[in-house]
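A look at the structure
What follows is each chain in one-letter form.
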Amino acid sequence: MKEQNDIILRVEHVSKLYGHNKAEAAKMMQAGSNKDEVYKKTGVTVALWDVNFEIPRGKIFVIIGLSGSGKSTVVRCFNRLNRPTSGKVFFEGRDLALMDQKELLEFRRSKISMVFQSFGLMSHRDVLGNVAYGLEVRGMPRAEREEKARKVISMVGLEGWEHQSCGQLSGGMRQRVGIARALANDPEVLLMDEPFSALDPLVRRDMQFELLQIQRKLKKTVVFITHDMDEAFKLGDRVAIMRDGKVIQVDTPEAMSANPADDYVRDFTGSADKSKVTTVRSIMMTPSSLVRLSESPALAIQEMRKNALSTVYVVDDQLCLVGILTIQDAIRAQRESRSIADVVRRGVATTTADALVADIMPIAAETLYPIAVLDEDGQLKGIVTKASVLASLL
Ligand SMILES: Nc1ncnc2c1ncn2[C@@H]1O[C@H](COP(=O)(O)OP(=O)(O)O)[C@@H](O)[C@H]1O
Ligand SMILES: [Mg+2]
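I will try to describe carefully the structure that is included in this document. Everything numeric here is computed off the predicted structure, so don't read it as measured data. (Residues numbered from 1 in each chain as written. Chains lettered and ligands numbered in written order. Predicted model: local features only at pLDDT ≥ 70, side-chain atom pairs only at ≥ 80, totals over all residues. Heavy atoms only, no water.)

**Side note on the site of ligand 1**
In the vicinity of ligand 1, the contacting residues are Y18, K35, T45, A47, L66, S67, G68, S69, G70, K71, S72 and T73. In this structure, an oxygen atom belonging to ligand 1 sits 3.2 Å away from a main-chain N or O atom of S69. Between ligand 1 and G70, the relevant distance is 3.1 Å, taken from an oxygen atom to a main-chain nitrogen or oxygen of the residue. Contact with the protein chains removes 61% of the 570 Å² of surface that ligand 1 exposes when unbound. For the shell around ligand 1, the elements supplying multiple residues, two or more each, are β2 (45–56) and α3 (71–77). Residue contributions to the shell around ligand 1 peak at three residues, all from α3. (Near = heavy atom within 4 Å. Polar contact = N/O pair within 3.5 Å; in protein donor to acceptor, adjacent residues only side chain to side chain. Areas by Shrake-Rupley, 256 points an atom, 1.4 Å probe, with all protein chains shown as cover. Helix = DSSP H or I, 4+ residues; strand = E, 2+ residues; numbered from the N terminus.)

Dropping the structure here:
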């Protein structure tokens, strides 16, 4: 069968049952029993039941559901850490079950990388050593692998930390190393199983933002698992919601909030269309930090570090919005003795405080950065994130 080339992973009728009496359990499921009833009667856990979906290439695909709903089980089928009891998983049209050991090894090395919640770093090695590890195992010469590793280290904002030992890093920084290590292999797909769940909220938000930026830049396919709706809506181009081993709905965040498939999804996402009555003013936040156009990149970097931010808004002397500055751009400007004006990203999406949330939903869906709220003079009054737009609908 010829695969459409914009679908990278396809899950077809996948079920995964744990226990001895699988045949009877399957019969009960087919007859309409639920996971609990099946477990009570047969002792079999239905981790997945008849799961079907397609993952488009180059997008962030989020899988969300309560604990035990089957998220990890399904994602582990993508690199064959799990084998389905029945059904098939295709990568670029190739049935994973048909791969022999050699092919599977190559697939795991070069096509698909996993980032775990628990980081799984080698604490005795430094950042560079951890990030370059996968390439070292592949036998890549030292100079070449370290060059590659340095590139991805700078991409995740860890430039300057190459020789820090991983045991001494904070949770957020360790997770950055985990992502860099996965990226170093230059895989087609990144599998991320609740990667940010252990991080505190501020660091977590920063990491979400960072991941979005990296993904938009590299256009990798990301399969991201979470049990947090805000995170799902913030990151997901498409979101699959799971319950008791089944996929209930697969949609864009906007479509899912607008048309929840059932009460479970409605509970998860909220359903009332408050967007037509809620104003931007009521959901905007004060930016936690601002940088003036005339300031030096060094000062901007210091400001971002102090506030644990990876981006900051840039204003002129009248506090009118100029654009947004990323820490990577600031570091680059400093290194190249350039000014903030040279690297600031202009053309940030803007709105006004009196606009309705419904009016900015299409912008929120598209934009990478928060939307800037300006008054009639162009002064920056606040910011609105995609997450707060969607959260306002709950
Ligand atoms: N190796 C296993 N043996 C038996 N049951 C398992 C195993 N792995 C997962 N399960 C069960 O499968 C269901 C789905 O688990 P999991 O995929 O880990 O859920 P999630 O990641 O959504 O929290 C749960 O009921 C879990 O207890
Ligand atoms: Mg899990």
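After presenting the structure, the write-up continues.
**Quick look at the sheet that holds strand β4 (residues 86–91)**
With antiparallel pairing, the four strands of this open sheet are ordered in space as β2-β1-β4-β5. Across the chains shown, the open sheet's two edge strands, defined by having one partner strand only, are β2 and β5 (94–95). When β4 meets β5, the two strands line up antiparallel, connected through two bridges. By the bridge assignment, F90 is partnered in β5 with D95. (Pairing = 2+ DSSP bridges.)

**Brief notes about the environment of G178**
Assignment of secondary structure puts G178 in helix α8 (residues 171–184). G178 sits 46 residues away from A132 along the chain, and the two C-alpha atoms are 11 Å apart. Not counting chain neighbours up to four residues away, the residues in contact with G178 comprise V115 and L121. (Contact = heavy atoms within 4.5 Å.)

**A word on helix α15 (residues 327–335)**
Restricting attention to buried positions, one finds in α15 the residues I327, D329, A330, I331 and A333. Those residues of α15 that are buried are in contact with α14 (297–306), β13 (321–326) and α16 (340–343). Once α15 finishes, S337 follows within two positions and takes phi at roughly 50°, a positive value. (Buried < 20%, exposed > 50% of the residue type's maximum accessible area, 1.4 Å probe, protein only.)

**Here's the deal with the sheet that holds strand β7 (residues 189–193)**
Taken in spatial order, the six strands line up as β6-β7-β8-β3-β9-β10 in an open sheet, and their pairing is mixed. Pairing within the sheet leaves two strands with one partner each, and these edge strands are β6 (112–116) and β10 (246–251). Between one strand axis and the next, the sheet turns by 15° as a mean value, whatever way the strands run. (Axes fitted to C-alpha atoms, helices over the stretch in contact; angles between N-to-C directions.)

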